[in-house]
Amino acid sequence: MTRKTGLVVVIGAGIGGLSAAIRLAAAGRRVAVLEQGAQVGGKMSQVVQDGYRWDTGPSVITMRPVFEELFAAAGRRLEEYLTLEPVEPLTRYFFPDGTRLDATRDLARMAEQIAALDARDVEGYLDFLEYAARLHRITGPVFVYNQPPTWRTFLGVSPADMMRVDPWLTMDQAIRRRVHSPHLRQLLGRFATYVGASPFQAPATLSVIAHVELTGGVWYPRGGIYQIATALARLATELGVEIHTRTPVIRILVEHGRATGVVTADGRTLAAASVLANVDVTTVYTQLLSPEIAPARREALRRRQTSCSGYVLLLGVEGEHPQLAHHNIFFNRDYRREFADIFQRGAPPRDPTVYVAITSKRDPTHAPPGCENWFVLVNAPPLGPAFDWEQQGAAYRALVLDTLARYGLDIRPRIRSEVALTPADLQRLTGAWRGALYGISSNQALNAFRRPHNRCPDVRGLYFAGGTTHPGGGVPMVTLSGKVAAELLLRDEHG
Ligand SMILES: Cc1cc2nc3c(=O)[nH]c(=O)nc-3n(C[C@H](O)[C@H](O)[C@H](O)COP(=O)(O)OP(=O)(O)OC[C@H]3O[C@@H](n4cnc5c(N)ncnc54)[C@H](O)[C@@H]3O)c2cc1C
């Protein structure tokens, strides 16, 4: 069998792995996806229990065109597989002083709410949206939509454009220059958390995420977010991809510097022309490659600061809460302290911002009649010595529920079903290094250049797709990551 027609083994059926598998199969490659878990989707997962259904990972889907393009690349239309409904309001924000704001794409409605906070901020908000759109235009082609950036691509950005993206400011500083209201500053800064970063450290360029959501909108796949995973698995299977669940890979075989196959936990060896790992890159280096391969890079990866993790409570709640929307945020008083707790103390926030998503508001079948399925998420540090979830998890759960009670949502006596997912569970279930949601930290300005490349620099024929490689984490980004990795693999075959 020649290399060109040989099997491509994809390790992991996360969204990045499925996206790559679809592209490769659409290009005529034979592809097998080996997934350690019982179901596909990786961090995009679901739990069904006691009459409730919850999505356990992503809850906010943006960048609809990225998904449309993936289906189109396989000669299909997204609408044949998924019904993506626009979500309005995008998010309902609650503040400790009783202020409430519905973020919306409707500019008139947004302006009215902002004017009630600080009349000067109506102009400031529009200016911020323009700035974020400019960031998208300038940085998108460099950092998001194409192959990994090099210093050369970066130098292709004109000096004028370079200055227009505020390269030396943090996100918080860029926001402060445009809006005055502390509420609006906190709301706009929150977009840093979409890549597991702190608005007080992350570069201003990450404000591009605000553009993607506030202008591009949020989408909900009818039936639940997990429909995206099942739709991609269906499309992959139709294209001839073999998906094997409950098949952990324990070693990537390398001969003369080239990946030649994989060994599975049950002792089988599968020969491959190329291997594409959808596993956290640090986990690949520490667990799947032989220790003799690139020890210096492995150590460097292990030492890198990672993005934050999350603490999740899936709650079946008796009663309905008309004051809540599909997506809700309950902010704290001191946002700066929240990120200092996470990134400096290495412990979950003492006064957390709490996010609650309730899909049963749209899909009543996700909870029994008169009940709701709450997905509660709090930012948490990656696993480290300062906090032990096994010992301290119960007390932290109580703190999160107390926080909601302070907002008038004392659901404690009405919890009918419950599942908790800690950063340790994320590490165990998906191979995420230290349970980090988005790989290496985006808190440093130059980290977009330090992100592991989609082509392994140490082993020929080994590629990476997923949230820890270019262009980064989040469902649309890992979908793009699968595209980038598949393109590199196909290009190398022909080269
Ligand atoms: C709580 C939470 C909330 C989030 N919220 C959002 C959100 O609102 N919006 C958004 O866009 N994104 C969100 N994300 C991030 C998003 O879910 C991820 O960035 C994305 O799903 C990661 O995809 P991936 O391709 O990196 O693969 P992963 O999901 O990391 O999947 C990797 C797969 O590889 C498998 N695997 C690992 N090791 C092996 C092995 N040795 N052998 C075989 N298989 C293996 C794993 O089991 C897993 O299925 C959230 C994530 C979490 C956890």
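Because the structure is predicted, anything quoted here is derived from the model rather than measured.

Rules used throughout
Residues numbered from 1 in each chain as written. Predicted model: local features only at pLDDT ≥ 70, side-chain atom pairs only at ≥ 80, totals over all residues. Heavy atoms only, no water. Axes fitted to C-alpha atoms, helices over the stretch in contact; angles between N-to-C directions. Helix = DSSP H or I, 4+ residues; strand = E, 2+ residues; numbered from the N terminus. Left-handed = near helix turned anticlockwise from the far one by under 90°. Contact = heavy atoms within 4.5 Å. Nonpolar A, V, L, I, M, F, W, Y, C, P; charged D, E, K, R; others polar. Core = buried A, V, L, I, M, F, W, Y, C linked by side-chain atoms within 4.5 Å. Buried < 20%, exposed > 50% of the residue type's maximum accessible area, 1.4 Å probe, protein only. Near = heavy atom within 4 Å. Polar contact = N/O pair within 3.5 Å; in protein donor to acceptor, adjacent residues only side chain to side chain. Areas by Shrake-Rupley, 256 points an atom, 1.4 Å probe, with all protein chains shown as cover. Domains from an automatic or database assignment. Pairing = 2+ DSSP bridges. Expected span 1.5 Å × (residues − 1). Bend = angle between axes of the 7 residues up to and from the residue. Arc of directions from axis to C-beta. Salt bridge = Lys/Arg side-chain N within 4 Å of Asp/Glu carboxyl O.

Undergrad: With reference to specific residues and values, describe the packing of helix H2 (residues 64-73) against helix H17 (residues 475-494).
TA: At a closest axis distance of 9 Å, the pairing of H2 and H17 adopts a crossing angle of 35°. Crossing handedness for the pair H2 and H17: left-handed. From H2, Val66, Phe67, Glu69 and Leu70 reach across to H17, where they touch Val475, Pro476, Thr479, Leu480 and Lys483. A class-by-class count of the residues in the contact of H2 with H17 yields 6 nonpolar, 1 polar and 2 charged.

Undergrad: Any chance you could break down the nonpolar core for me, citing the residues and the numbers?
TA: Counting 107 residues, the largest nonpolar core has Leu188, Phe191, Leu214 and Leu276 as its most contacted members. In contact with Leu214, other than residues within four places in its own chain, are Leu90, Ala103, Arg105, Tyr125, Leu129, Leu188 and Phe191.

Undergrad: Account for the site of the ligand, with residues named and values stated.
TA: Close to the ligand lie 36 residues; Gly16, Glu35, Lys43, Gly467 and Val475 are nearest. Between the ligand and Val249 there is a distance of 2.9 Å, counted from a nitrogen atom to a backbone nitrogen or oxygen. Compared with its free state, where it exposes 1000 Å², the ligand has 93% of that area covered by protein. Elements with a contribution of two residues or more to the shell around the ligand: helix H1 (15-26), helix H15 (423-430) and H17. Among the residues making up the shell around the ligand, the classes are represented as 18 nonpolar, 16 polar and 2 charged. Among the domains, domain 1 (3-44 + 64-70 + 223-304 + 444-494) and domain 3 (308-430) are the pair contributing at least three residues each to the shell around the ligand.

Undergrad: Explain the sheet that holds strand S10 (residues 249-255) residue by residue, including any values.
TA: Across the sheet, 3 strands lie side by side as S10-S11-S12; this open sheet has antiparallel pairing. Two strands in the sheet have a free side with no partner beyond their single neighbour: S10 and strand S12 (269-271). Between one strand and the next, the sheet's axes are offset by a mean angle of 30°, whatever the strand orientation. The pairing of S10 with strand S11 (residues 258-264) spans 6 bridges and is antiparallel. From the neighbouring strand, Val254 faces S11, where its bridge partner is Ala259.

Undergrad: How would you explain the sheet that holds strand S16 (residues 354-358) if you had to name every residue and give the values?
TA: Spatial strand order, S7-S6-S15-S16-S17-S14-S18: 7 strands in an open sheet with mixed pairing. Looking along the sheet, the strands with just one partner apiece sit at the ends: strand S7 (100-103) and strand S18 (415-421). When strand polarity is set aside, the average angle formed by the axes of neighbouring strands in this sheet is 20°. The pairing of strand S6 (residues 91-94) with S7 spans 4 bridges and is classified as antiparallel. Within S7, the residue paired with Tyr93 across the bridge is Leu101.

Undergrad: Report on the side chain of Thr353, specifying residues and quantitative values.
TA: Here Thr353 lies in the loop between helix H13 (335-345) and S16. For Thr353, a relative accessible area of 5% corresponds to the buried category. At 2.8 Å, the side chain of Thr353 forms a polar contact with the side chain of Glu338. For Thr353, the residues in contact, after removing those within four places along its chain, are Ile329, Phe330, Phe331, Asn332, Tyr335, Glu338, Leu377 and Val378.

Undergrad: I'd like a description of helix H4 (residues 121-144), backed by residues and values.
TA: Compared with an ideal rise of 1.5 Å per residue, which puts 24 residues at 34 Å, H4 spans 30 Å between its outermost C-alpha atoms and falls more than 12% short. Taken as a whole, H4 carries its principal kink of about 45° at Ile138; the proline Pro141 stands between one and four residues after it.

Undergrad: Which residues make up H13, and what values go with them?
TA: Along H13, the residues that are buried comprise Tyr335, Glu338, Phe339, Asp341, Ile342 and Phe343. Burial along H13 is one-sided: seen end-on, the buried residues are contained in an arc of 165°. Looking at the packing, one finds that the buried side of H13 touches helix H8 (182-189) and strand S17 (371-380). Measuring from the backbone nitrogen of Arg336 back to the side-chain oxygen at the start of H13 gives 3.4 Å, which picks out Asp334 as the cap.

Undergrad: Residue-level account of the pattern of salt bridges, with values.
TA: For the structure on display, the rule yields 31 salt bridges. With a shortest N-O distance of 2.9 Å, Arg176 and Asp172 are connected by a salt bridge. Of this pair, Arg176 and Asp172 both sit in helix H7 (residues 171-176), 4 residues apart, roughly one helical turn. Looking at Arg176, the relative accessible area reads 39%, which means it is partly exposed. For Asp172, a relative accessible area of 8% corresponds to the buried category. The partner of Arg268 in a salt bridge is Asp266, with the nearest N and O atoms 3.3 Å apart. A relative accessible area of 49% means that Arg268 is categorised as partly exposed. For Asp266, a relative accessible area of 55% corresponds to the exposed category. Here the salt bridges do not stand alone but share partners, grouping Arg64, Glu68, Arg77 and Glu79 into one network.

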